[in-house]
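Read off the chains here:
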Amino acid sequence: MKLLTRTFPHGVHPKEHKDTAPLPIERMPFTDRYVLPLAQHIGAPSKGIVKVGQHVERGEKIAEPGGFVSVALHSPVTGTVRSLDPKRHPNGSLVPAIEIEIDRYAGQETPRGTPADPQAGSIDDFVARIQQMGLVGLGGAAFPAHVKYRIPDGAVVKELLVNGCECEPYLTCDHRVMLENAEDVVRGSVVLRDRIGAHLATIGVERNKLDAVAALQEAAKGDDRVRVVPLEVKYPQGAEKMLVKAVLGVEVPAGKLPLEVGVLVNNVSTVACLADIFDRGTPLVERVVTVAGPAVRRPSNLIVPIGTPVRAVLEYCGGLTGDAREIVMGGPMMGQPLGSIDVPVIKGTSGLLAFTESKLARPAEYHCLKCGRCVEACPVFLNPSRLARLAKVGKYEDMERFQVMDCMECGSCSYACPSNIPIVQLIRVSKSWVRERQRDAKIAQAKEAAEQAAKPAADGPGDASAKDGKETNR
Amino acid sequence: MNSILVAAATLAGLGLFFAALLAVAHRFLHVEEDPRLDILEGKLPGSNCGACGSPGCRAFAERLLNGSATPSGCTVSSEDATADIAEFLGVDAGVMEKRVARLQCGGGRAQARQIAEYEGMDTCRGAHVLGGGGKGCSWGCLGLADCEVSCDFGAIHMSSNGLPVVDIDKCTACGDCVEACPRDLFVIQPLSHALLVQCKIPLAGEQARALCSVACDACSRCAQDAAPGLIHMDNNLPVVDYTAGGPARPDATFRCPTGAIRWVPFGQFAEDEPEPVVVRQARGRFYV
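A. Expanded view of the overall build of chain A. When you go through chain A residue by residue, the secondary structure sums to 15 helices and 18 strands. Here chain A has a C-alpha radius of gyration of 24 Å; the compact-globule value for 474 residues is 23 Å, and the two agree. Along the three orthogonal principal directions, the C-alpha set of chain A runs to about 75 × 55 × 50 Å. Each of the 474 residues in chain A was classed as buried or not, and the buried ones make up 52%. Look at the contacts in chain A between residues 6 or more apart in sequence, and 73% of them connect residues 24 or more apart. Averaging the positions of the 59 positive and the 56 negative side-chain charges in chain A gives two centres separated by 4 Å.

Encoded structure:
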């Protein structure tokens, strides 16, 4: 049987800890204040269109997209805009945000707009509607969803892959969505499959969620172009490229998108939102968040309005135990540790995990044993051991040569390392160096090009000084 | 026996042949090099730091010989060494203003508000990548000494307040700390530019003061008090532009409510800490 389950090569299998899986999704009651950073997603931040003191309805648009790779933002509650000052973002920085105080006497019904037929109109209409509804990938990276749906000319999508792996430990929000909202997941997959012209929609679900597989199969009955594929339980199967490899057995080339092999990948919660957007006209104003971890008194799966302060969510879950030490937004493998609990839940928040001191114990680091476990764990076939060694001596050029930029920072190497070397941490730092260097090089190149263009005739002295400038530029 | 002789003779023959080849090559392919170049290189500090703008000391020596640089262009050489080189070349030493690295942040442990305890990698860049360390200010110094490690001249040490202190006598303005700092807090500027804005928070008023007791809250009093045009406000921070007005005087700092702008004709943070205390040695935590 095991041979028949699909998966990708390499990867690790951390202890699952999915204790919240049997808990039904409950709706968190509204709190007093909501903070909506304008940068909730990858790409350009949204542009605010509200003023302080303005009354906003739940689901009303409060920010326009700031470019193509950007989405609109909607008020999660009916209330009044209280401030537009910078607020702390989960990533630690202070960024422009819209703060809304709730209207205690408002009904706060889920907004219902005008339904639209997703297949009517051009693909541009479809893309524009999704952008205006503020949909981003809800798996964690928060990449604006509509950008993926704009298939470039000449590219053909053969298959839509819907990502129901949820390979991160602790997280169960996608699992619950698949169980309780199977119709929406299937409906969204069908909408998207037909709109992008794919033959087949495949929902990949790991085998630790067989009840979700059954629910989805039940919902997809009658449509033989939707299939549900159980996958072996392994991390990081939820990464786009790993999922393509696991389900279709095709490898996406390094530095390319799955589109290269005719596949489009979307998270289950994201496609479930498509049903909201087209059948009910509801913008993205709330999402399911798993609150779990050993330091949470009452772990839950909650529907949380975007912008709810983490403090309020944790309080609703019974607060933290006394030995709580660290709170992570997202999964334990790739999540963002929070520097403050006065940050809001954003569109990409899939989980809030609180850990105790004992779970965070940092064991001593030893020498690399050259055992190769990290090499066997790396899903993108890098050599993490060598990269870590180079990172420690600061040889970033060499790391670039060894394709460090293909690393997706899944952390399998650090997990697998018996010597407790912080491999992925070292690689992350080095990637920031390499990115900085690449950016500087680009700026220098642009500057040089501008200088070249500014010079009317490239005669001797002009050339020489340009060369000199390059040499002396450290 | 015979074969050994043959082998030895062949080897010796080959050696003679190649020696002859080298001798011929030396004679006909010889590159004339100024004999002063080696001497000059010996007189230069040999640190290859690049602060002069040349890729290394030998390249600087070449520029000295062809007259495109003056001996004072080397910021590492002592005054005596510079004078020695000038005498050797028979040129004027030239004037090179002393330039040093200045930190644009004054928020150490005692000033900046701490919101969390950072336990990740022991480098500034690690903290910067991971949500910005424990300080509430996301623009200020992380205090994990990446600059101290990067400095080849031992001119930077971390103070007990968690800020890097630049020893202006040792600083050669090479710019390594500028590159090392993930938050771009270091600038290289002439020592005579004594009006320093020790803050990079682009917020105003209460928001800025909430982060740090020495934050610039953009009150712009310094801009009003300075010579016309010298200081202008940009993005809620004062910018001192020595080309636009002057002269710069300490007056501009007198009404600063937080002490974000300072008159520092000497090393930074000297008044806070008369005797520098080294709290952090170079890190040897990682095995290579």
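B. Representation of the domain arrangement of chain A within the structure. Residues and elements named next belong to chain A. The domain boundaries assigned to chain A delineate domain 1 (25-101 + 124-280), domain 2 (286-360) and domain 3 (369-453). Contact residues are listed per partner, giving 37 residues for domain 1 and 43 residues for domain 2. Both faces considered, domain 1 and domain 2 share a buried interface measuring about 3200 Å² in area, 64% of it formed by carbon and sulfur atoms. Contact with domain 2 buries surface across domain 1, with Met28, Pro90 and Tyr170 losing the most and accounting together for 24% of the total. Where domain 1 touches domain 2, the interface holds 3 salt bridges. One salt bridge in this structure joins Glu286 and Arg58, with 3.0 Å as the shortest N-O distance. Taken together, the links from domain 1 to domain 2 amount to 17 residue pairs in polar contact (both at pLDDT 80 or more).

C. Fine view of the packing of aromatic side chains. Residues and elements named next belong to chain A. Counted by the stated rule, this structure contains 5 aromatic pairs over all chains. A ring pair is formed by Phe126 and Tyr149, whose centres lie 6.0 Å apart and whose planes are at 45°; its orientation type is tilted. Remark: Tyr149 occurs in helix α2 (residues 145-149) and Phe126 occurs in helix α1 (residues 123-132); sequence separation between them is 23 residues. With relative accessibility at 2%, the residue Phe126 sits in the buried group. Taking relative accessible area as the criterion, Tyr149 reaches 0% and is therefore assigned buried. For the pair Tyr396 and Trp433, a centre-to-centre distance of 5.4 Å together with 20° between the ring planes defines the contact as stacked. Taken together, the residues span a long stretch of sequence, with Tyr396 in helix α12 (residues 396-401) and Trp433 in helix α14 (residues 423-454) at a distance of 37 residues. The pair Tyr396 / Trp433 is uniform in exposure class, with both members buried. The ring of Tyr316 is capped by Arg298, whose NZ or CZ atom sits 5.0 Å from the centre of that ring.

D. The nonpolar core, seen in detail. Residue and element names in this part refer to chain A. Judged by nonpolar contacts, the single largest core of 48 residues is most densely connected at Ile130, Tyr149, Val185, Leu192, Ile203, Leu216 and Leu274. Per-element tally for this core: the top contributor is helix α7 (residues 268-280), with 7 residues. Excluding anything up to four places from it in sequence, Leu192 contacts Phe126, Tyr149, Leu160, Leu264, Asn266, Val271 and Leu274. Among the nonpolar cores identified, the runner-up in size contains 22 residues, and Leu382, Ala388, Val424 and Ile427 belong to it.

E. Inspection of the domain arrangement of chain B at higher detail. Residue and element names in this part refer to chain B. Domain boundaries in chain B define domain 1 (36-89) and domain 2 (99-287). When each unit is reduced to the centre of its C-alpha atoms, the spacing between domain 1 and domain 2 is 31 Å. Between domain 1 and domain 2, the residue contacts involve 5 residues of the former and 4 residues of the latter. Of the roughly 380 Å² buried where domain 1 meets domain 2, counting both sides, 68% is carbon and sulfur surface. The tally of links from domain 1 across to domain 2 stands at 0 salt bridges. Applying the counting rule to domain 1 against domain 2 returns 1 residue pair in polar contact (both at pLDDT 80 or more).

F. Summary view of unusual backbone geometry. Of note, the bond from Tyr235(A) into Pro236(A) is cis; its omega dihedral lies within 30 degrees of zero at -5°. Structurally, Pro236(A) is set in the loop between β12 (226-231) and α6 (240-248). A positive phi angle, close to 55°, is found at Gln108(A), a residue other than glycine. In this fold, Gln108(A) is placed in the loop between β9 (94-102) and α1. At Ala145(B), a residue that is not glycine, the phi angle is positive and equals roughly 70°. Mapped onto the elements of the fold, Ala145(B) is located in the loop between α5 (124-129) and α6 (146-150). Taking the relative accessible area as the measure of exposure, Ala145(B) reaches 1% and is therefore buried.

G. Summary view of the side chain of Arg102(B). Residues and elements named next belong to chain B. If you trace the backbone, Arg102 turns up in strand β1 (residues 99-103). Take Arg102: its relative accessible area is 2%, and that puts it in the buried class. At 2.8 Å, the side chain of Arg102 and the backbone oxygen of Phe266 are in polar contact. Every residue in contact with Arg102, bar those within four places of it in the chain, is listed here: Ile168, Leu185, Phe186, Val187, Gln189, Leu191, Leu196, Val264, Pro265, Phe266, Gly267 and Gln268.

H. Representation of the sheet that holds strand β10 (residues 159-164) of chain A within the structure. Residue and element names in this part refer to chain A. Pairing within the open sheet is parallel, and its 4 strands lie in the order β12-β11-β10-β13. Each edge of the open sheet is held by one strand with a lone partner, namely β12 and β13 (263-267). Strand-to-strand twist of the sheet, defined as the mean angle between neighbouring strand axes without regard to direction, takes the value 25°. The sheet contact formed by strand β11 (residues 200-206) and β12 spans 6 bridges and is parallel.

I. The pattern of salt bridges, seen in detail. Residues and elements named next belong to chain A. On inspection of all chains with the given rule, the structure shows 41 salt bridges over all chains. The residue Arg33 makes a salt bridge to Glu101 at a minimum N-O spacing of 3.7 Å. Separated by 68 residues along the polypeptide, Arg33 in strand β2 (residues 33-37) and Glu101 in strand β9 bring together distant segments of the chain. Judged by relative accessible area, which is 34%, Arg33 ranks as partly exposed. Its salt-bridge partner being Asp398, residue Arg401 comes within 3.8 Å of it at the nearest N-O pair. Of this pair, Arg401 and Asp398 both sit in helix α12, separated by 3 residues, roughly a single helical turn. Residue classification places Arg401 among the exposed positions, given a relative accessible area of 56%. By relative accessible area, which is 24% here, Asp398 ends up partly exposed. One network of salt bridges, in which partners are shared, links Arg33, Arg82, Lys87, Glu99 and Glu101.

J. Spotlight on the packing of helix α11 (residues 384-392) of chain A against α14(A). Residues and elements named next belong to chain A. Viewed as axis vectors pointing N to C, α11 and α14 meet at an angle of 55°, and their least axial separation amounts to 9 Å. What the angle tells us is that α11 and α14 run oblique. Handedness of the crossing formed by α11 with α14: left-handed. In contact with Pro384, Leu387, Ala388, Ala391 and Lys392 of α11, α14 contributes Ile423, Leu426, Ile427 and Ser430. For the contact of α11 with α14, the per-class residue count stands at 7 nonpolar, 1 polar and 1 charged.

The rules behind the values
- Residues numbered from 1 in each chain as written.
- Chains lettered and ligands numbered in written order.
- Predicted model: local features only at pLDDT ≥ 70, side-chain atom pairs only at ≥ 80, totals over all residues.
- Heavy atoms only, no water.
- Helix = DSSP H or I, 4+ residues; strand = E, 2+ residues; numbered from the N terminus.
- Rg over C-alpha atoms; globule rule 2.2 N^0.38 Å.
- Buried < 20%, exposed > 50% of the residue type's maximum accessible area, 1.4 Å probe, protein only.
- Contact = heavy atoms within 4.5 Å.
- Lys, Arg positive; Asp, Glu negative; His and termini not counted.
- Charge placed at Lys NZ, Arg CZ, Asp CG, Glu CD.
- Domains from an automatic or database assignment.
- Buried area = accessible area lost by both parts, 1.4 Å probe.
- Salt bridge = Lys/Arg side-chain N within 4 Å of Asp/Glu carboxyl O.
- Polar contact = N/O pair within 3.5 Å; in protein donor to acceptor, adjacent residues only side chain to side chain.
- Phe/Tyr/Trp six-rings, centres within 6.5 Å; stacked < 30°, edge-to-face > 60°.
- Lys NZ or Arg CZ within 6 Å of the ring centre and 35° of its normal.
- Core = buried A, V, L, I, M, F, W, Y, C linked by side-chain atoms within 4.5 Å.
- Pairing = 2+ DSSP bridges.
- Axes fitted to C-alpha atoms, helices over the stretch in contact; angles between N-to-C directions.
- Parallel < 35°, antiparallel > 145°, perpendicular 65-115°, else oblique.
- Left-handed = near helix turned anticlockwise from the far one by under 90°.
- Nonpolar A, V, L, I, M, F, W, Y, C, P; charged D, E, K, R; others polar.

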